[in-house]
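Spelled out, the chains give:
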Amino acid sequence: MEFIPVNTPSLTGSEEKYLADCIRTGWISSEGPAIREFEQKFAAKIGRRCGIAVSNGTAALEIAVRALNLGPGDEVILPTFTIISCAAAVVKEGAIPVVVDADPVTWNMDVTRLAEKITAQTRAIMPVHIYGLPVDMDPIIELARRYNLKIIEDAAEAHGQTYKGKPCGTFGDLSIFSFYPNKLITTGEGGMLVTDDEALAERCRSLRNLCFQPQRRFIHEELGWNYRITNLQAALGLAQLEQWNSFIQRKRKMGRLYTELLTGVEGIQLSLEKTDHADNIYWVFGLVVDEKLGSAKTIMDRLAQNQIGTRPFFYPMHRQPVFQKMGLFSGLSCPVAERIAEQGFYLPSGLGLTEDQIVYVTDCLKQVLKS
Ligand SMILES: *Cc1c(COP(=O)(O)O)cnc(C)c1O
């Protein structure tokens, strides 16, 4: 049995052809024509006016925080159960991350605990759609309206997903996506900000490109980053965009097969099939193991011995050593996120995975859980 990686991308469309076009024409840098095309097509796919492609999703978050002028003294509310990029983007700009525990069923931010986090310093909320299931947006939108807060929507795990029929990526003043190889579509490395606000989009474009000025190129009024994307990456993105619908169908099919094969197995909680507002798009297929069966770590080790790659769940932000050392989140307890971080992991979920592999993975998992 060959090792089954936790992710294998699918690159069987026009990827090779479009990349070859870049080489043939010499357009390989961030000046190439594929970038605007990718931005426009991606924004249109999500249903937003502007797209700003960047070097990765983390960069998109950093640009979003700066573009919305969040800085020292400003509080930004976000889930504790997410990737470091979210809290890091806030902290790096000198703003203060305020975290909310996870919901034990959806693993998303527990929106019933949101209102209690709002203070006179709160300026923004950063909702994150976790593992392909959208966070309950209505309470977030309602609080943002009432307290005049910005929304930075992290949809890096929710390409093609909807909330109450409206696409994820349409809820933020700025919304961001990632095109890392384990995301629904990939550009190797890459990310995108989307917005309907042309002025905000222009500011993001400037921050992406060192804040060069159009009139006097080497005179800078502000510091930005080089977070540009290359034409090669955008070309890959265009090829991947063409496969958008089939990728979504495949993810859902894989999720349904995992669910079918694992339903009824004692002591595990599976990625939720649906909520009142969405059907899971199964960006990854996760599970949380009952303590009486051992920790996630022991089960993941056993699966690895059977040639199966897995990934642990996120480690909560309030427990991160780097933030503890900064004096952030001291004494804070978020029991749900702490538990699912300890007991949760996800199974191979890449688009390159076959049905036979899913059957093998679930057979092994059942064996491991029994022993
Ligand atoms: C992947 C991911 C990011 C970061 O994207 P990169 O392109 O890897 O920098 C941000 N937020 C979430 C929720 C992600 O899953």
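Student: Describe unusual backbone geometry, and please don't skip the residues or the numbers.
Tutor: Positive phi, normally seen in glycine, also occurs at Leu 210, with a value near 60°. Following the sequence through the fold, Leu 210 ends up in the loop between helix 6 (198-208) and helix 7 (231-241). Not every positive phi belongs to a glycine, and Tyr 282 is a case in point at roughly 50°. Relative to the assigned elements, Tyr 282 resides in the loop between strand 10 (268-270) and strand 11 (285-289).

Student: So what about the domain arrangement of the chain? Which residues, and what values?
Tutor: The domain architecture assigned to the chain consists of domain 1 (15-100 + 108-241) and domain 2 (244-370). Each of domain 1 and domain 2 was reduced to a C-alpha centroid, and the two centroids are 25 Å apart. The partner domain 2 presents 33 residues to the 35 residues of domain 1 that form the contact. The largest per-residue losses of area from domain 1 upon contact with domain 2 belong to Phe 81, Tyr 131 and Leu 184, which jointly make up 26% of the total buried on that side. Between domain 1 and domain 2 we count 0 salt bridges in total. Taken together, the connections running from domain 1 to domain 2 amount to 11 residue pairs in polar contact (both at pLDDT 80 or more).

Student: Talk me through helix 11 (residues 335-343); I want residue IDs and the actual numbers.
Tutor: Among the residues making up helix 11, those that are buried are Ala 337, Ile 340, Ala 341 and Gln 343. Buried residues along helix 11 sit in contact with strand 11, helix 9 (296-305) and strand 13 (344-347).

Student: Before we move on, can you summarise the site of the ligand with the specific residues and values?
Tutor: Around the ligand sit Asn 56, Gly 57, Thr 58, Ile 83, Ser 85, Val 128, Asp 154, Ala 156, Glu 157, Ser 178, Lys 183 and Gly 190, and those are all the residues in its vicinity. Note that an oxygen atom of the ligand is positioned 2.5 Å from one of the side-chain N or O atoms of Thr 58. Between the ligand and Glu 157, the relevant distance is 2.5 Å, taken from an oxygen atom to a side-chain nitrogen or oxygen of the residue. Broken down by class, the residue content of the shell around the ligand amounts to 3 nonpolar, 6 polar and 3 charged.

Student: Summarise the side chain of Arg 205; cite the residues concerned and give the values.
Tutor: Within the fold, Arg 205 resides in helix 6. Ignoring anything within four residues of it in the chain, the contact list for Arg 205 reads Arg 36, Glu 39, Gly 51 and Ile 52.

Student: So, the nonpolar core: which residues are in play, and what are the values?
Tutor: The biggest cluster of nonpolar side chains holds 55 residues, and the ones touching the most others in it are Phe 81, Met 126, Tyr 131 and Leu 193. For this core, the secondary structure elements donating two or more residues are strand 1 (50-54), helix 3 (57-67), strand 2 (75-79), helix 4 (84-92), strand 8 (174-178), helix 6 and helix 11. Here this core gathers at least three residues from each of two domains, domain 1 (15-100 + 108-241) and domain 2 (244-370). The residues contacting Leu 193, other than those within four sequence positions of it, are Cys 50, Gly 51, Ile 52, Val 54, Ala 60, Ile 63, Ala 64, Leu 174, Ser 175, Ile 176 and Cys 204. Grouped together as the second largest cluster of nonpolar side chains are 25 residues, Tyr 258, Ala 296, Met 300 and Leu 369 included.

Student: Got a sec to walk through the environment of Pro 139? Specific residues and values, please.
Tutor: Here Pro 139 is to be found in helix 5 (residues 137-147). Sequence spacing of Pro 139 and Leu 114 is 25 residues, and the spatial spacing of their C-alpha atoms is 8.5 Å.

Student: Before we move on, could you go through the packing of aromatic side chains and cite the residues and values that matter?
Tutor: In total, this model carries 21 aromatic pairs according to the counting rule given. Taking the centre distance of 5.2 Å and the plane angle of 55° together, the rings of Phe 38 and Phe 179 count as tilted. Of this pair, Phe 38 sits in helix 2 (residues 33-46) while Phe 179 sits in the loop between strand 8 and strand 9 (191-195), placing them 141 residues apart in sequence. A relative accessible area of 0% places Phe 179 in the buried class. A network of ring pairs unites the aromatic residues Phe 81, Trp 107, Tyr 131, Trp 283, Phe 313, Phe 314 and Tyr 346 as a single cluster. A cation sits over an aromatic face here: Lys 166 above Phe 171, 4.4 Å from the ring centre.

Student: Break down the environment of Glu 16 for me, citing the residues and quoting the values.
Tutor: In this structure, Glu 16 sits in helix 1 (residues 15-25). In this structure the C-alpha to C-alpha distance between Glu 16 and Met 137, which are 121 residues apart in sequence, comes to 38 Å.

Student: Describe the sheet that holds strand 10, listing the residues and the values that go with them.
Tutor: With respect to topology, 4 strands assemble into an open sheet ordered 10-11-13-12, the strand pairing being antiparallel. Each edge of the open sheet carries a strand with a single partner, namely strand 10 and strand 12 (311-312). In terms of strand pairing, strand 11 meets strand 13 through 4 bridges, oriented antiparallel. The residue bridging Leu 287 from the neighbouring strand is Phe 345, located in strand 13. Packing of helix 9 onto the sheet brings it into contact with strand 11, strand 12 and strand 13, and relative to strand 13 it is tilted by some 25°. Strands strand 10, strand 11 and strand 13 of the sheet are contacted by helix 12 (residues 355-370), whose axis makes an angle of about 150° with strand 13.

Student: How would you explain the pattern of salt bridges if you had to name every residue and give the values?
Tutor: Across all of its chains, the model carries 22 salt bridges by this definition. Asp 21 is the partner of Lys 17 in a salt bridge, and the nearest nitrogen-oxygen pair spans 3.6 Å. Of this pair, Lys 17 and Asp 21 both sit in helix 1, 4 residues apart, roughly one helical turn. Judged by its relative accessible area of 52%, Lys 17 is exposed. Connected through shared salt-bridge partners, Arg 36, Glu 39, Glu 202, Arg 205 and Arg 208 make up one network.

Student: Would you mind going over the packing of helix 1 against helix 7 in detail, with residue names and values included?
Tutor: Running from N to C, helix 1 and helix 7 cross one another at 150°; their axes reach a closest spacing of 8 Å. Relative to helix 7, the element helix 1 lies roughly antiparallel. Of the two possible hands of crossing, helix 1 and helix 7 adopt the one that is right-handed. Every residue of helix 7 that contacts helix 1 at Glu 15, Tyr 18, Leu 19, Cys 22 and Ile 23 is listed here: Asn 231, Leu 232, Ala 235, Leu 236, Leu 238, Ala 239 and Gln 240. Along the lines of polarity and charge, the residues of the contact of helix 1 with helix 7 split into 9 nonpolar, 2 polar and 1 charged.

What counts, and at which threshold
- Residues numbered from 1 in each chain as written.
- Predicted model: local features only at pLDDT ≥ 70, side-chain atom pairs only at ≥ 80, totals over all residues.
- Heavy atoms only, no water.
- Helix = DSSP H or I, 4+ residues; strand = E, 2+ residues; numbered from the N terminus.
- Domains from an automatic or database assignment.
- Contact = heavy atoms within 4.5 Å.
- Buried area = accessible area lost by both parts, 1.4 Å probe.
- Salt bridge = Lys/Arg side-chain N within 4 Å of Asp/Glu carboxyl O.
- Polar contact = N/O pair within 3.5 Å; in protein donor to acceptor, adjacent residues only side chain to side chain.
- Buried < 20%, exposed > 50% of the residue type's maximum accessible area, 1.4 Å probe, protein only.
- Near = heavy atom within 4 Å.
- Nonpolar A, V, L, I, M, F, W, Y, C, P; charged D, E, K, R; others polar.
- Core = buried A, V, L, I, M, F, W, Y, C linked by side-chain atoms within 4.5 Å.
- Phe/Tyr/Trp six-rings, centres within 6.5 Å; stacked < 30°, edge-to-face > 60°.
- Lys NZ or Arg CZ within 6 Å of the ring centre and 35° of its normal.
- Pairing = 2+ DSSP bridges.
- Axes fitted to C-alpha atoms, helices over the stretch in contact; angles between N-to-C directions.
- Parallel < 35°, antiparallel > 145°, perpendicular 65-115°, else oblique.
- Left-handed = near helix turned anticlockwise from the far one by under 90°.

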